[in-house]
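# What the coordinates show
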Amino acid sequence: MSRVIAIANQKGGVGKTTTAVNLAACLASMKKKVLIVDVDPQGNTTSGLGIDKRRCEKTVYDCLIGGEPMDAVIVETQYENLYVCPSNIDLSGAEIDLISVMGRENQLKNSIKPIREQFDYIFIDTPPSLGLITINTLTAADSVLIPIQCEFYALEGVSQLTNTIKRVKEALNPNIAIEGVLLTMYDSRTNLSIQVVDEVKRFFPNKVYKTIIPRNVRLGEAPGFGQPVIYYDNGSKGAEGYMSLAKEMTGVDV
């Protein structure tokens, strides 16, 4: 059975989508069958995999609100072993639409359950908020991967996320755990990045990945071409970072 991993941090710009796309692509290149469920109305994960979100006839919105089976919505990407359940701006109304739905916190979990056996990994890319969509994500997930950028106020709001995870664990999903904390946008030339690493390790003892994702121009360029960085520039520091993370997650020697 697959591992369902939410990639969450309600703070924007920390590398959630970058991590979802590139970690999934690296695992897929290692012969793992991987699905990304895009539950961000911006649909950046969808477009970052080369899928035109404006032309998607069905999206994750249809699963959450319309009861559409997820296997009827999943799109095969151009990359072997890599699939996406797409999103677009239609999802922006889901927070309101879910309010009147019975068992609203379990909609995503119920959509994923029938297709879990088909994949080795299922990643859920969340919006930068702690609303009903994120609650759905945490209810559906086995664990949470938290990206944190190596910049000022790195831990701002993270305690709110951990409290939300705790509440979900108590009320909706007793098995959810923190998968790991990923440090992103690291710049070894600055004292600030080094200080943030130490601070995050104190806040999350034994949960921080050894792999740290560097600040890298190629990581920023790749989405514009609809490509994960390992296909856009496999020799870049960004590609090396996410491949290292994939190996760390799977227990392969880095």
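Read on for an overview of the structure. Note that the structure is predicted; figures quoted are calculated from it, not measured.

Turning to helix α11 (residues 237-250), a few remarks are in order. Since the α-helix turns once every 3.6 residues, residues separated by three or four places project in the same direction. End to end, α11 covers 20 Å across 14 residues, agreeing with the expected 20 Å (1.5 Å per residue, within 8%). The set of residues buried in α11 consists of G238, A239, G241, Y242, M243, S244, L245, A246 and M249. At the C-terminal side of α11, G251 shows a positive phi close to 80 degrees.

Another aspect to go through is the pattern of salt bridges. Tallying each qualifying case throughout the model produces 10 salt bridges. One salt bridge in this structure joins R215 and E151, with 2.3 Å as the shortest N-O distance. Of this pair, R215 sits in the loop between β8 (208-214) and α9 (217-221) while E151 sits in the loop between β6 (143-149) and α7 (158-171), and the two are 64 residues apart along the sequence. Of the residues examined, R215 reaches a relative accessible area of 47% and is grouped as partly exposed. Two residues, R218 and E221, come together in a salt bridge whose shortest N-O distance is 2.7 Å. On the criterion of helical spacing, the pair formed by R218 and E221 is a turn pair, its members being three residues apart in helix α9.

Moving on, we get to the packing of aromatic side chains. Per the counting criterion, the structure on display carries six aromatic pairs. Plain terms: the ring middles of F225 and Y232 are 5.1 Å apart, the flat faces sit at 25 degrees to each other, and that makes the pair stacked. The partly exposed category is assigned to Y232, whose relative accessible area is 23%. A cation over an aromatic ring shows up here: K33 above the ring of F119, its NZ or CZ 5.3 Å from the ring centre.

The next subject is the sheet that holds strand β3 (residues 75-76). Taken together, the eight strands give an open sheet; going across it, the order is β3-β4-β2-β5-β1-β6-β7-β8, and neighbouring strands pair in mixed fashion. Looking at strand neighbours, the two that pair on one side only are β3 and β8, the edges of this open sheet.

Structurally, the position occupied by T190 is in the loop between β7 (177-186) and α8 (191-203). A residue is classified by how much of its surface remains accessible, and T190, at 29% relative accessible area, is partly exposed. Each C-alpha atom of the pair T190 and C26 lies 28 Å from the other, and the pair is 164 residues apart in sequence. Looking at T190, its side chain comes within polar contact range of the main-chain oxygen of D187, at 3.0 Å.

Turning our eyes to something else, we now look at unusual backbone geometry. Located in the positive-phi region is K31, a residue other than glycine, with phi close to 75 degrees. One can find K31 in the loop between α1 (16-29) and β2 (34-38). The backbone of N206 shows a phi angle near 65 degrees, a positive value even though the residue is not glycine. Turning to its location among the elements, N206 is positioned in the loop between α8 and β8.

About the cut-offs
Position labels on residues start from 1 in each chain and follow its written sequence. Whole-chain, interface and lining totals are the exception, using all residues; otherwise, since this is a predicted model, local features are given only for residues with pLDDT of at least 70 and side-chain atom pairs are given and counted only at 80 or more. For the side-chain quantities, the full set of heavy atoms in the structure was used; hydrogens and water were omitted. For helices the rule is a DSSP run of H or I covering at least 4 residues; for strands it is a run of E covering at least 2, with both sets numbered from the N terminus onward. Multiplying one less than the number of residues by 1.5 Å gives the expected span of a helix. For the exposure calls, accessible area comes from a 1.4 Å probe over protein chains only, and a residue counts as buried if that area is under 20% of its type's maximum, exposed if over 50%, partly exposed in between. Just to be clear on terms, a salt bridge is a Lys or Arg side-chain nitrogen sitting within 4 Å of an Asp or Glu carboxyl oxygen. Between rings of Phe, Tyr and Trp, where Trp is taken as its six-membered ring, a pair exists when centres lie within 6.5 Å; planes separated by under 30 degrees are stacked, by over 60 edge-to-face, and by other angles tilted. Placement of a positive charge over a ring is assigned whenever Lys NZ or Arg CZ falls within 6 Å of the ring centre and within 35 degrees of the normal to the ring plane. A pair of strands counts as paired when DSSP detects no fewer than two bridges linking them. We call two N or O atoms a polar contact when they sit within 3.5 Å, provided that within protein one can donate a hydrogen and the other can accept it, with sequence-adjacent residues counted only if both atoms are side-chain atoms.

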